[in-house]
Structure formats: structure tokens, C-alpha cells
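Structural description and commentary
Chain by chain, the residues:
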Amino acid sequence: MQDTYTGLSRDHTITLYNKSDHIISYKWKKYSSREVEEAQSERIEDVFKGVQDIETKRSTKLETLGVVDPVTHDVAYNRIYEDEIKALRSEEFLFSHCAFSFQPMEGELWPHSSCDMLVTFQPPNAINYNVEAFCEVDGIENRIPVSLHGPGRGPSIKLNMATLNISNIFIFGEHTYEIFAANKGHIPGTLKFVPKNLLFGGTMTCKPSTVYLNPDDAKPIVIKFSSSVPGEFVEDVEFVILESSQMIKLTFKGNVMCPTLHFNKKSLQWGTVAIGVSYSHHLILSNDSTVPVAFSIRVLHDGHEDGFTYRNFATYKIKPALPNHPKEFRIHPDKGTVPAFSEINLTVVCR
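In short, a report on the structure. (Residues numbered from 1 in each chain as written. Predicted model: local features only at pLDDT ≥ 70, side-chain atom pairs only at ≥ 80, totals over all residues. Heavy atoms only, no water.)

Observations concerning the overall build of the chain
Secondary structure summary: the chain contains three helices and 23 strands in total. Against the 2.2 N^0.38 benchmark of 20 Å for 351 residues, the chain shows a C-alpha radius of gyration of 42 Å, more extended than a compact globule. Projecting the C-alpha coordinates of the chain onto the three principal axes gives extents of approximately 140 × 65 × 25 Å. Counting over 351 residues, the chain shows a buried share of 32%. Of the contacts formed within the chain by residues at least 6 apart in sequence, a portion of 70% connects residues at least 24 apart. Approximately 22200 Å² of the chain is accessible, and the part contributed by carbon and sulfur atoms is 53%. The centroid of the 35 positive side-chain charges in the chain is displaced by 17 Å from the centroid of its 42 negative side-chain charges. (Helix = DSSP H or I, 4+ residues; strand = E, 2+ residues; numbered from the N terminus. Rg over C-alpha atoms; globule rule 2.2 N^0.38 Å. Buried < 20%, exposed > 50% of the residue type's maximum accessible area, 1.4 Å probe, protein only. Contact = heavy atoms within 4.5 Å. Areas by Shrake-Rupley, 256 points an atom, 1.4 Å probe, with all protein chains shown as cover. Lys, Arg positive; Asp, Glu negative; His and termini not counted. Charge placed at Lys NZ, Arg CZ, Asp CG, Glu CD.)

If you want it as C-alpha cells, here you go:
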């Protein structure tokens, strides 16, 4: 049989010929011979006998507790056992299978004639089915084997891309991407996002997490991704088709960057300045990234001793020595957060 979607069926016709001068009867059987059927019957009968023994022991305890009437209980389960054995011994073991069936299952064939029989393949699951059926014909010692093969096929759902390269993104930012899932087959199906821990860190969500698609239907899926780990990454985003358990992968790759801040000036020129006199410059600190950035600013190699203004110096009766390592620069504000796509003003004071 060719590939067949689950829930649908495919038919194939086989022909049985009677080239004899007699009317023959035929039946489609599950097992290859009567000996195999008898062995199967004995095995099942042993199982029923074991159940009867267990029920006998169990009823003894119930009788002791006064739960059941011993005579009535004995009659009931013995009758059930006898009915099961009677049904088993009349069992013909006609062919039965979850995916294959014959029509007709049995019949008569007149001399020098033929009979077309319909074999129907209707797979309940998306797996390969392999089974043998046996045609028992009057006058033939050995049953005629027929091998039945057929692959069940689940919904054919595809994504509109196999790889999503998001290039450079900023750390801690939540980035949103849209993909599409389409049903290219002939039966409806359900696609579900499979959450997992990402190999390269970060978090990923899909909305909706489950998409039901009719044939020729297409729906968007929004993926949100955020990472706290800088560097290049490659992740496999996994989806599963619920009706067939088939996995669909989307390769998700890119590079997580740390955001950068920049000033509107490359240098500050102070020129010649007087001791104890304050001079100031104004700067703009800009953030061009998609995430807010915290900052802290200091002047390298600046001193640590408190200085003084020329006014304070003039009031001292005893003039102090100038500090060897005065703190000459002050920045306001010297720390804070620059929102995404924003800027703040800074004042740098030299004294």
C-alpha cells in the first residue's frame, strides 16, 4: 500500500481464481494453520483457567468475611468460565487487524470463475504496518499467505523556514520574531511547541504554544527570545505534531551583544585653569540600543584628597599646604541608567 494519511483509507483489489471443477469456500484467517490456532486456543484456555483459580481463592476470603454467598458465587463464576471456553472453542480466528481489512471476509467461488476482494488500509497511527493474512481454501492443505504492508502518514505540517538567523541582538533584551506553520497535507493536525532549557542560556517562549491547522491552512507563531549570556549561539527550537509525534526543528542562531554607550564629544579641552577655581563642561551620554543600560563614571587616575576653593583658601589664617593628590574632577550624575534609545546630560566639573 502507498502512504496513507491517518483517518483516511486506501483500497486495493486482489483476485482469487478457482480453476477447478468444484465450488470452493474461502475464509481470511489470522493464523497460518489449524495447529497454530489450536495452540493459541490452548494458551487462552490456560489463561482463563488461571483466572478461575484466582477467583476461587479470592471467593474463599470473601465467604469468610460474609461478603458473598458461596453457592451463588461459585455458580456465577463457573458459568462465566464455561461461556468463555465455549466461545473460545467456536472461535474461527478470522483475520482482524487495526489497519487492514478484507471485504468479503469469506465466501464461495464457483468453478472456473474468479472473485475480486477489496483490501482496505486505514492506519490509525503514523507508523509502518506489516502483517500477514492467510486465505483458507477448501481442498488446499496449506493456507495461502498474503503479506500486507502500508505506512501510516500523519499531518504534513511545515514551517516557512528551517533556519532563523537573528544576527546581532542585545543582552537582556526581549526580541520578537514571527514564523508561519502551514498544513500541506490532506488531514488536520496540531503543532505544539516543546519548551526546554536552552543550551546557550536565555529564555524562549512561543505564542500560541499550540496551533490547530486544517488542510491548506497557515497560522503565525510568535517567538520571544531573551538571553543573559553574550556571544554567538545556535539553538534547535522543537515542535511536535501531536497526531504523529513527528518532531519539527527550527534552527535559531545569532549573536548576543553587550549594549554600548557613547558621548557626544571625544575629548574635553580645559586649557589653563587656576587653582581652586571651578570650570565645567557639558556632555551627552547616549544609548542607541534596545535595552536600558546602567552606568557608573569616574576619571581614571584622579586624586583622592579633598581640595579647596580659592575663597576657602583666602579665609585661612594659616595657609595649608596644597594636597599632593587632590580630587580634581566631579561628574554629575556619576551613575544611573540610560533608557533604551535615550540620552542624558552630564556635567563635568574641574577644580
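Notes on the pattern of salt bridges
Summed over all chains, the structure comprises seven salt bridges. A salt bridge links E37 to K29; the shortest N-O distance between them is 3.7 Å. Judged by relative accessible area, E37 falls into the buried class, the value being 8%. By relative accessible area, K29 is classed as buried at 5%. Its salt-bridge partner being E136, residue R143 comes within 2.8 Å of it at the nearest N-O pair. In this pair, the class of R143 matches that of E136, namely buried. What emerges from the salt-bridge pattern is a single network uniting K29, R34, E37, E136 and R143. (Salt bridge = Lys/Arg side-chain N within 4 Å of Asp/Glu carboxyl O.)

Side note on the nonpolar core
Counting residues in hydrophobic clusters, the biggest one holds 27 residues, and the most contacted among them are L159, I166, L191, I221, F225, F239 and F252. Those residues in contact with L159 that lie beyond four places of it in its chain are I179, F180, A181, L191, F239, I248 and L250. Of all hydrophobic cores here, the second largest spans 19 residues; its members include Y26, V119, A133 and C135. (Core = buried A, V, L, I, M, F, W, Y, C linked by side-chain atoms within 4.5 Å.)

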